[in-house]
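# Examination of the molecular architecture
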Amino acid sequence: MEVCTAGTASEEILAKIWSDVLRVRSIDSDVNFFDIGGDSLKATEVILRIRETLQVDLPLMAFFEDPTVGHLASVVDELKPETAPRAIHKVPGQIQFPLSYSQQVFWLLEQQNPGTGLYNTARIFQIRGDVEPGLMERSLNELRRRHEILRVRFIQGVDGPVQIVEAGSPLQLAVNDVSSLEDRARDETARRLALDTVREPLDLVAGPPLRARLIRVAAQEWLLCIAIHHAVSDGISGSIFLDELCTIYDALQAGEPNPLPEVELHFTDYAAWERQWLTDTVLEQELSHWHSVLQDAPTSLNLPSDFPRSSEPDRTGRLRSITLPIGVFRDLRAFAQTNGTTQFAALAAAFRILLFHWSEQSDFVLGTIASNRSRSGTERMFGCFVNPLPLRNPLDAGQSVREVLGRETQCVMEAFAHADAPFAKIVEAINPERTSNDNPLFNVALLLQNFPAIARKGRCFEAEHVNFDAQVGLLDLRFIAMETGDGLQVTCEYKTRLFKDETIDMLLDSYSHVLEAMTSDPDQRVAAIALPDSLLQQAATASSREQTRVAVIAGSFTAEPLEEPLSFLLNKIGMKYEVAFAPYHQVFQQLLDPASLLRTSDQSKIVLARFEDWLYSESALRSAHPERLEQIADELIAALRQADNGTTPLIVCFCPASSSISKNLSCDELRNLEFKVAGAFAGNSSVHVIRSEEILDLYPVEKYEDEYAKRLGNVPYTTDFFSALATMLARRMWNLLENRYAAIAIDCDGVLWSGSCDAGQQVLVNESHIALQRALLRQRDAGVLLCLCSKYNGQKVWAAFESNRSMRLQRDDIIATVMGSGTTPQKLASLADELGLELDRFMFLHADPAETSVVEATYPEVLSLQVPADADEFPTWLKHVWAFDRAAGRRDPRT
Amino acid sequence: MILQIASTFTAAPISPSLERTLVETGVVDGLGFTAYARVSEYMLTPPADWGQIAGTLVLVRVEDWVRDLLKSAPRATGASAAREEVRRTLRVSVDDFVNQLSSLAERGKQVWFVACPSTGWISERHKIGALCRTYTNLLTARVEELSGVTTLPWPPAWFAEDWNDRGADRLGQLPFTQETFDRLGAFAGGQIAGTLRGGASDLACGVSENSPALATYLESLRVHVQLTTADRSHRSQVDRFLRTAAAFTLMGEKRDISEAEIDALLESESCLLVNVSDRLSDHGPSGLVTFRQEGNSLVVRGMALSCAVLGKQVEHAVLAALIEIAAGRACRQLEFQYRPSERNQPMLGFLMAVAGNATDEKYVLPLDVAEARLNAAAVSAGAWTVEMARDLENSSVH
């Protein structure tokens, strides 16, 4: 290596460090660091190497005052040497090691999400050339022999988890050949095999922490699928993996020994070193910075999601990408250089502006990742070095782009200067409010992968790392930028439970738009950068859904115990509602007074009624007779008509009568009164009646009367009944206000009939199938579209329709079909496309749990329903599908 | 401004009901009809009088899209080729129509859409009811995704009997009976009026702020209030009301009141028990009121009513009695001493309605305006009777 710098000793040393970090042969003393490939990450690496080599802690800002070797050397000379951390050294004769802090994070996450495979990293290499599977297996085992970290297993030690290095049994390479399948089936099978490989959980206790599969796709084309647990690997490890694997394979293929020098320092040595070096004193210094940065920081960025946020943890994800044209990318690089900053800081500033406009939140924490490979000896070390870093830079619309960029630059530099603080320790020190579903400190991150593309050309084959969608979304949103030959590729990993594909596409396009706007006019205000209308419209829709609404309840009895279960259930199903009660026992007054709490609500109105409550005294109850109650029913109908505005749903829920009134009136008489009121509003678009029988039929409660509470405060029901009532009301509210399902895609076998409609087989349609088909026809009558989705061809399916006289569904009832080959998600997408409907308007009925699971994972917006394996259970099952209630109150005569 | 009606059939008979709900009430100045042959053209291209159009009511019946194809064809034979042709036509028509409707909605004026049932002459003759139903569903689902279009349901409850007029449908594409057109017009007109007026359709129903319906209901209740003097023998009832009344009480909840305090109250103040009955129930003892005369004022320190009798103007009836008592004692004003608690805002609301704002934490109601204020505050003034104990005024107040 030539490092051509004439000057002081410090200048020579600095030039050598720059040369190593930037991989540039010649460094002049006045060349600008950022002009020769430097960025924020590399600047941090230089600072850390200076600390190790010269025992000087170079202030970060010195780098930005004048990023030249000459200037930095003069600053170094002025500073006194300080105590440098000891170098990493070999820990001899030991097989048990502590975990590094980064490892500990992933180990903990694995414990919290056991059996999910969420923290496996996917390394998928596309290989072109001759591959001999046996030789590949030997190469992988040689690679594993070289790196201790690939032979560890994790156990619980006395003071926490430890890793034990073992020889372990040889790694088995699974091999599949899909080359004989036709193109579409081949690609899909290969994808499924790769996905299974990377998502199947790795057992950290039993080991090994990796798995491998080789798939032959064509004569000279292979996929090598490696799943490695994140606790033993990071992005740069992937590059080391491929480099060494190719070298070893070539050597073994030629009958030569592995030419790579033995590894001296292992990650386990680093882990032991880190535990010794990060003493309380060192940590305290680092954490004081994070304390000042993250004080009172918001716990998360409130993103305008397409789907309501659930309290259930769900990390199913997907990837979408765009490539910023090379012109935009060049402009961005030039813009960063002109403004004395790094590409990452510019990308982060643009990302922050985008998120600010989209979410209307000015202060939030963005996450990123520090590679933490700045110490000598770690460059070619296999292991998990990465450390998440929080970046906080509050902005306002009045700032100029240049101001935002300047502050972001400082924020990034300071964060990387304090990257030694392990993320787990930062979280522990800040102790942010969090739920089990959230990542602490940030829910959105930006990564710039500025290490070289992972590709290698060996003697036997060419291999390159390919992006693979492992269907995981660890954060709500994660933007990953990577330089490619075509420009800058930006990939968004996102939770599919929160966002639709098209929203992410709009977001990525908008990011490109913000970057262009930012680079074209850095003096414009943040407010002047407008997002496309489509994205703003999406945000407005989300915001309107997130607004807390009020469900007003007017009861003829004390209904306050309903508040807790109803609020809980509504929240659980993503309906943000508060419950408000009208004054006690003023149902008529609330219905008849246009200024009442109930009448003025334009969101959701509920009336809870028992006829006996209008006969307040015991004597009135004793003398209750049908005519008197009939009169009350008539008055109630008249009052409800007054309150019916034709738009806002008004739910009238009759609750079970007390046993005392049941003595005077027969069940039939009370039932008829409820039917009378229900009949008066049948099919009406605003008043919806629930009869007491319906509640007890769907949610039977053994003991629903509470005599004691009734005497005390006219609270007539037990807690169990109030819970049942809350479920019934939440179900009806969801159907009236949220149920947008417009189509049902049905797979025929096991749903419409027993048996298979495949060649020559007779299908059986029994009473249960008839019941289900009738239920589907009721859905059709209520306006829902029925579609067929089958793996068999249309002729076989229609033959089964036409040959069986018990079939209730007929061809004319079916709006569209998609039959034959292809995966079920592909078929659903095709149906949605054909009908011009969004996928979130589809339900999917299938008897096979594997199919419903695939649909659920691929399109969580589709309501995927598995019908019972035993057709006798259909009638009970049908009663409990909430989405089918749409038909219950809306029998439409257009049939 | 006019409401334009665009339909796939002859919709003129809807005119009288829309006139009644929209024109006669001043919501729009008139109605305009687009000939069904020109519906596509209307939706794609603004007509010359577009500036005069307030919005468009679009009525669609999908069987009209295959009328030309089938009107001269022989009755249904079940031939699959013909069926496929019907399917294709319906499918293409749905796509075309949704595009046209989207174009109309993008012009920025409100559009109301009703998918009418395809149960007419063509559907019946060629047995394509289920097929039309299926495509009506598709049409509705697609239209629901358009912004700027309000989808109105076909109101089934109003159509218990057959709404078709297949004879008129065959001859003049008049699909429904006049009664059906009237009901459809009344329903759609109500919805359109609600939107164009920018408020709830309550207004369209003609319900005034004074709520005559509520007044009528209160009158029909025939609330009767009986006031009886309480003494030490009624201590347990007094105790109960003072301890438990939470929403309508001057003193707030007095959960920890002692027997001695109750005795002292009964000694120092006039205390009346309030018994309430109405046509549905005899509520029995439902509250109390305590007062004493101080100079020209009748000072009311205690007033508490059970929740079960609120909303029936019982409080108004009690105030009417207090006005009469004060007048009998030549007082010039009533003075209410209100102590706020966590839950007694309803009492505050009542006091402010009759006495205005507080002065030195006292709500004062001058006797010369008391009756007028009471009548103004009541939804249905005088819809009660009051019977007072003999030792009070020996009178009934109506």
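Summarised in this report is the structure supplied together with it. In this text, all values refer to a predicted model and were calculated from it rather than measured experimentally.

Calculation notes
- Residues numbered from 1 in each chain as written.
- Chains lettered and ligands numbered in written order.
- Predicted model: local features only at pLDDT ≥ 70, side-chain atom pairs only at ≥ 80, totals over all residues.
- Heavy atoms only, no water.
- Helix = DSSP H or I, 4+ residues; strand = E, 2+ residues; numbered from the N terminus.
- Expected span 1.5 Å × (residues − 1).
- Buried < 20%, exposed > 50% of the residue type's maximum accessible area, 1.4 Å probe, protein only.
- Pairing = 2+ DSSP bridges.
- Axes fitted to C-alpha atoms, helices over the stretch in contact; angles between N-to-C directions.
- Contact = heavy atoms within 4.5 Å.
- Patch = residues over 30% accessible without salt bridge, like charges linked within 9 Å, V, L, I, M, F, W, Y side chains within 5 Å.
- Areas by Shrake-Rupley, 256 points an atom, 1.4 Å probe, with all protein chains shown as cover.
- Salt bridge = Lys/Arg side-chain N within 4 Å of Asp/Glu carboxyl O.
- Lys, Arg positive; Asp, Glu negative; His and termini not counted.
- Charge placed at Lys NZ, Arg CZ, Asp CG, Glu CD.
- Buried area = accessible area lost by both parts, 1.4 Å probe.
- Polar contact = N/O pair within 3.5 Å; in protein donor to acceptor, adjacent residues only side chain to side chain.
- 1 Å grid on protein atoms, 1.4 Å probe; cavity = no way out; pocket = protein on both sides within 12 Å on 5 of 7 lines; lining within 4 Å.
- Points joined across faces, edges and corners; volume = space filled by probe spheres on them.
- Nonpolar A, V, L, I, M, F, W, Y, C, P; charged D, E, K, R; others polar.
- Core = buried A, V, L, I, M, F, W, Y, C linked by side-chain atoms within 4.5 Å.

Turning our eyes to something else, we now look at helix α13 (residues 401-417) of chain A. With 17 residues, α13(A) extends 24 Å between its outermost C-alpha atoms, agreeing within 8% with the 24 Å of an ideal straight helix rising 1.5 Å per residue. Three or more residues of α13(A) are buried, namely A:V401, A:V404, A:L405, A:E408, A:T409, A:C411, A:V412, A:M413, A:A415 and A:F416.

It is worth spelling out the sheet that holds strand β5 (residues 173-177) of chain A at this point. All names here are of chain A. What the six strands build is an open sheet, ordered β5-β6-β7-β2-β13-β12; its pairing is mixed. Bordering the open sheet on either side are β5 and β12 (455-457), each of which pairs with just one other strand. Strand-to-strand twist of the sheet, defined as the mean angle between neighbouring strand axes without regard to direction, takes the value 20°. Pairing between β5 and strand β6 (residues 210-218): five bridges, direction parallel. In the sheet register, L173 faces β6, and the bridge partner there is A212. Lying on the sheet, helix α7 (residues 183-199) is in contact with β2 (120-129), β5, β6 and β7 (221-229); it crosses β6 at an angle near 175°.

A word on a negative patch on the surface. A surface patch of like charges, here negative, comprises A:E560, A:E563, A:E564 and A:E578. In this fold, A:E578 is placed in strand β17 (residues 577-581).

Attention now goes to the interface of chain A and chain B. Contacts between the two partners involve 50 residues from chain A and, on the opposite side, 46 residues from chain B. Between chain A and chain B, the buried area comes to about 4200 Å², and carbon and sulfur atoms account for 50% of it. Joining chain A to chain B, the criterion identifies six salt bridges. With a shortest N-O distance of 2.8 Å, B:R279 and A:E635 are connected by a salt bridge. Between the two partners, chain A and chain B, sit 16 residue pairs in polar contact (both at pLDDT 80 or more).

On to the environment of B:F187. For B:F187, the location among the structural elements is in helix α8 (residues 178-196). Given the relative accessible area of 10%, B:F187 is considered buried.

Further remarks concern the pattern of salt bridges. Applying the stated criterion to the full structure yields 70 salt bridges over all chains. In this structure, A:K879 and A:D697 form a salt bridge, with 3.5 Å as the shortest nitrogen-oxygen distance. Linking A:K879 in helix α31 (residues 874-879) with A:D697 in helix α24 (residues 692-698), this pair joins segments that are 182 residues apart in sequence. The exposure class of A:K879 is partly exposed, given its relative accessible area of 34%. For B:D169, the salt bridge is made with B:R67, and the minimal N-O distance between the two is 3.4 Å. Highlighted residues: B:D169 in helix α7 (residues 166-172) and B:R67 in helix α3 (residues 67-70), separated in sequence by 102 residues. With respect to burial, B:D169 and B:R67 carry one shared label: buried. Look at the salt bridges and you will find they share partners, linking A:R671, A:R691, A:E693, A:E694 and A:R732 into a network.

Turning next to the environment of A:L287. Residue and element names in this part refer to chain A. Relative to the assigned elements, L287 resides in helix α10 (residues 280-294). For L287 and A429, which are 142 residues apart along the polypeptide, the C-alpha to C-alpha distance reads 7.3 Å. Among residues more than four places away in sequence, those in contact with L287 are A421, K425, I426 and A429.

On to the environment of A:L79, then. All names here are of chain A. Relative to the helices and strands, L79 resides in the loop between α4 (69-78) and β1 (96-98). Residues L79 and V56, spaced 23 residues apart in sequence, show a C-alpha to C-alpha distance of 6.7 Å. Leave out the neighbours within four places in its chain, and L79 touches V56, D57, L58 and P59.

This brings us to empty space enclosed by the protein. Counted according to the given criterion, the structure contains four cavities of 30 Å³ or more. Considering only enclosed or pocket space, the largest cavity measures out at about 100 Å³ in volume. What lines the largest cavity is a set of 16 residues, among which A:S102, A:Y270, A:E274, A:N372 and A:D420 lie closest to the centre. Those elements that place two or more of their residues in the lining of the largest cavity are α5 (101-112) and α9 (267-277) of chain A. Examining the composition of the lining of the largest cavity, we find that five residues originate from one element, α9(A), more than from any other. For the lining of the largest cavity, a count of residues per class yields nine nonpolar, four polar and three charged. The computed volume of the second largest cavity comes to approximately 80 Å³. Around the second largest cavity, the lining comprises 14 residues; the ones closest to its centre are A:H585, A:W614, B:Y217, B:L280 and B:K312. At the level of secondary structure, the elements contributing two or more residues to the lining of the second largest cavity comprise α18 (587-592) of chain A together with α9 (212-221) of chain B. Of all the elements, α18(A) adds the most residues to the lining of the second largest cavity, at three residues. Of the residues in the lining of the second largest cavity, the class split is seven nonpolar, four polar and three charged.

Next up on the list: the nonpolar core. Ranked by size, the top nonpolar core spans 151 residues in total, and within it A:M136, A:F241, A:L355, A:W358, A:L477 and A:Y511 carry the most contacts. Tallying contributions element by element places helix α12 (residues 343-359) of chain A first for this core, with 13 residues. Apart from the residues within four sequence positions on either side, A:L355 is in contact with A:L301, A:L303, A:E360, A:F364, A:L366, A:V444 and A:L477. Listed in part, the 84 residues of the second largest apolar core include A:A554, A:I637, A:L640 and B:V354.

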